[in-house]
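Spelled out from the first residue to the last, the chains are:
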Amino acid sequence: MKLLPFLSLFLLLGLAACDSKKGDATVGGGEQRLRVGHFPNITHAQGVIASELTRQGKGWFEERMPGVKIEWFTYNAGPSAMEAIFTESIDLTYVGTGPLLNAYTKAKGADIRLVAGSAVGGAALVVQGEGGPAKVEDFRGKKIAVPALGNTQDIACRVWLKKGGVNVTQLGGDAQIVPTENPDQLGLFQGKKIDAVWTVEPWVSRVEVEGQGKILLEEKEAITTVLATGVKALKEKSELVNKFVKAHAELTEWINQNPAEAKKLFLAGMKSITRRDLSPELLDHAWPRLHFTSAIDEASIRKLVTDSQSVGYLKDAPNLDPLMALPK
């Protein structure tokens, strides 16, 4: 396994924030800026924590990048965040590997670059606790919710079903995969409108604890989140991007060394974003399922391409070498 070093809940009304204007590197008074996307998920802990520190006037990145204004934008799923990169509405984003690879392929190897790892694990398949599917064959005729079509969990779900002999297509098949925003999954699960959910934390724990679901499969080693940028931002703001990546690695290490303080900041950040409280007990339940790392597991990224191709995504995936060309 080859590792490259880092440089080497709720109602989401108003969360899909996106700057409508393509931004320059500077704001009023000559101050430089970086616009960064993230999701309200534990798998995006660095983004949630850092955005909260920015709100508190104690910016992690700002302290390490004097004279740079960090602007935070929140998305519900990867495809919308990658579209914001394409339209130059943001400069960097925390995102899942599925949308990253889809965007890279769509751009034929241009426009998108992977600059750091972020989180591993924290994704799982949760089934109904009473009479729910117990093995892959049981999913014939069942409905499985995923956060979005083409996102990382959607791809993982399709690969798992296919390997188990359960045929699925975008429109149906032996089982039905239903794109469902994370905040809507719990209600549908509790109402037994869906048979299972393949998602990420804290939504996994919410469905498990509040929905009395059962974990059938946990993706402990899956790359859940990475940090990506656009080629234009990498060229025009290369020094800022490099500094951000370095500070991201330092933040990741701090989170690993200070979990109690990190979780307090995460809870405050989630409340700021969603306007609702996340239970500390639920967070404690979910947190151990994740490993935060700024390293890039190149072998796993390449395997994801093979998996995506096996279920009809990334039919003409370009050479991955430029994607993982680290900033200089």
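Residues numbered from 1 in each chain as written. Predicted model: local features only at pLDDT ≥ 70, side-chain atom pairs only at ≥ 80, totals over all residues. Heavy atoms only, no water.

**Quick word on the side chain of His 44**
Then step 1. Residue placement: His 44 occurs in the loop between β2 (32-38) and α1 (45-55).
Then step 2. Apart from the residues lying within four places of it in its own chain, the contact partners of His 44 are His 38, Phe 39, Tyr 94, Val 95 and Thr 225. (Helix = DSSP H or I, 4+ residues; strand = E, 2+ residues; numbered from the N terminus. Contact = heavy atoms within 4.5 Å.)

**Quick notes on the pattern of salt bridges**
Then step 1. Counted by the stated rule, this structure contains 21 salt bridges.
Then step 2. Of the charged contacts in the structure, one is a salt bridge between Arg 302 and Glu 298, with a shortest N-O distance of 2.9 Å. Within this pair, Arg 302 and its partner Glu 298 are both found in helix α12 (residues 298-310), separated by 4 residues, close to a single helical turn.
Then step 3. When salt bridges with common partners are traced through the structure, they connect Glu 63, Arg 64, Lys 246 and Glu 250 into a single cluster. (Salt bridge = Lys/Arg side-chain N within 4 Å of Asp/Glu carboxyl O.)

**Considering the side chain of Thr 93**
Then step 1. With respect to the helices and strands, Thr 93 occurs in strand β4 (residues 92-95).
Then step 2. Thr 93 sits in the buried class, given a relative accessible area of 0%.
Then step 3. Of note is the side chain of Thr 93, whose polar atom sits 3.3 Å from the backbone oxygen of Gly 37.
Then step 4. Ignoring sequence-local partners within four residues, the contact set of Thr 93 consists of Gly 37, His 38, Ala 81, Met 82, Ile 85, Val 226, Leu 227 and Ala 228. (Buried < 20%, exposed > 50% of the residue type's maximum accessible area, 1.4 Å probe, protein only. Polar contact = N/O pair within 3.5 Å; in protein donor to acceptor, adjacent residues only side chain to side chain.)

**A few points about α1**
Then step 1. With 9 of 11 residues buried, α1 lies mostly within the body of the structure.
Then step 2. What α1 keeps buried is the set Ala 45, Gln 46, Gly 47, Val 48, Ile 49, Ala 50, Ser 51, Glu 52 and Leu 53.
Then step 3. Immediately downstream of α1, the backbone of Gly 57 shows phi near 75 degrees, a positive value.

**Re the sheet that holds strand β7 (residues 143-146)**
Then step 1. Read from one edge of the open sheet, 5 strands run β8-β7-β9-β6-β10, paired in mixed fashion. Among the strands making up the open sheet, the edge pair consists of β8 (176-179) and β10 (213-219). The average angle at which neighbouring strand axes cross in this sheet is 25 degrees, direction not considered.
Then step 2. Strand direction decides the pairing type here: β7 and strand β9 (residues 196-200), joined by 2 bridges, are parallel. (Pairing = 2+ DSSP bridges. Axes fitted to C-alpha atoms, helices over the stretch in contact; angles between N-to-C directions.)

**Things to note about the sheet that holds strand β3 (residues 68-74)**
Then step 1. One open sheet holds the 6 strands; their spatial order is β3-β2-β4-β11-β5-β12, and the pairing between them is mixed. Among the strands making up the open sheet, the edge pair consists of β3 and β12 (290-292). Each neighbouring strand pair of the sheet contributes to a mean axis angle of 25 degrees, computed without reference to strand direction.
Then step 2. Bridge analysis of β2 against β4 gives 2 bridges, and the strand direction is parallel. Its bridge partner lying in β4, Val 36 is registered against Leu 92.
Then step 3. On the sheet, helix α3 (residues 78-86) packs against β4, β5 (112-121) and β11 (223-230) and is oriented at approximately 165 degrees with respect to β4.

**Some details on the packing of α1 against helix α10 (residues 259-274)**
Then step 1. Where α1 contacts α10, the axes come no closer than 8 Å and their chain directions differ by 75 degrees. It follows from the interaxial angle that α1 and α10 lie roughly perpendicular. Contacts between α1 and α10 involve Ala 45, Val 48, Ile 49, Ser 51, Glu 52, Leu 53 and Arg 55 from the first element and Ala 262, Leu 265, Phe 266, Ala 268, Gly 269, Met 270, Ser 272 and Ile 273 from the second.
Then step 2. Of the residues assigned to the contact of α1 with α10, the class counts are 10 nonpolar, 3 polar and 2 charged. (Parallel < 35°, antiparallel > 145°, perpendicular 65-115°, else oblique. Nonpolar A, V, L, I, M, F, W, Y, C, P; charged D, E, K, R; others polar.)

**As for the pairing of strand β6 (residues 123-128)**
Then step 1. In terms of residue burial, β6 counts as a mostly covered element, since 6 of its 6 residues are buried.
Then step 2. Both β6 and β9 contribute to a ladder of 5 bridges, which runs antiparallel. For Val 126, the partnering residue across the bridge sits in β9 and is Val 197.
Then step 3. Across 6 bridges, β6 lies against β10 in antiparallel orientation. The residue bridging Val 126 from the neighbouring strand is Ile 215, located in β10.

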